[in-house]
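Each chain is listed here by its residues.
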Amino acid sequence: KQTFIYLLGHKKVYGGVFFGIASISLIAYSHMSWFLEHMHRSFGVPVSDITPSYGLINLVFGVAGTLCGAVLAKILTARGHSDAGLKTTLFFIVLMFLPYLASVLTQSLWWAYVWVAICTLCFNGYFGLAIASLQLSTPNQFRAQTSALLIFAANVSGLMLGPVIVGFLSDYVF
């Protein structure tokens, strides 16, 4: 109860962070959910042939993104930026939009893999930092609940709503 009272008292800050991360998660998880089908439909490659490459991209670039985000935030912190986590989060969020667009518009299978690798790096580069930044700006007694709520909001929007919305738009609008 105290956590909700605190969050409502600071709704401009937390509402913006929660809405922003939930929105980006909706885009990122939708892309991840539908990318294999997009590759199959656009390039005629069987999903079973795409899956190993896509899995390897997620493994390598997912880990690399997490590490790059942490290193970049550490460098900015060492240079005196007290909001290094938020700046790095914003950097990765802005950086990933063009590769997301390019990955679904390219006419080349090879370039689609390159773009999705960059998307994966950026997506994994920002998410851990967003949670860490939120914890740094939240009093100790509310950190666990606030982080859990952020992860919940990101997962509901990204994993539950995002893929369904894309499927609906694909079937009934486009």
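As a reminder, the structure under discussion sits directly above these lines.
The following refers to the structure shown. (Residues numbered from 1 in each chain as written. Predicted model: local features only at pLDDT ≥ 70, side-chain atom pairs only at ≥ 80, totals over all residues. Heavy atoms only, no water.)

This brings us to the pattern of salt bridges. Taken as a whole, this structure holds 2 salt bridges when the rule is applied. In this structure, E37 engages R41 in a salt bridge whose closest nitrogen and oxygen atoms are separated by 2.9 Å. Here the residue E37 and the residue R41 both occupy positions in helix α2 (residues 11-43), the gap between them amounting to 4 residues, near one helical turn. Judged by its relative accessible area of 25%, E37 falls in the partly exposed class. On the accessibility criterion, R41 (54% relative accessible area) is exposed. (Salt bridge = Lys/Arg side-chain N within 4 Å of Asp/Glu carboxyl O. Helix = DSSP H or I, 4+ residues; strand = E, 2+ residues; numbered from the N terminus. Buried < 20%, exposed > 50% of the residue type's maximum accessible area, 1.4 Å probe, protein only.)

Before going further, it helps to spend a moment on the nonpolar core. Ranked by size, the top nonpolar core spans 26 residues in total, and within it I21, M96, F123 and Y126 carry the most contacts. Breaking this core down by element, the ones donating at least two residues are α1 (2-9), α2, α4 (84-105), α5 (109-136) and α6 (143-173). Element by element, the count of residues in this core is highest for α5, at 9 residues. Apart from the residues within four sequence positions on either side, F123 is in contact with A28, Y29, M32, M96 and Y100. Counting residues in each nonpolar core, the second largest holds 11 residues, with F35, Y54, A112 and V116 among its members. (Core = buried A, V, L, I, M, F, W, Y, C linked by side-chain atoms within 4.5 Å. Contact = heavy atoms within 4.5 Å.)

So, to be careful, I would describe these as geometric facts and stop short of saying anything about function.
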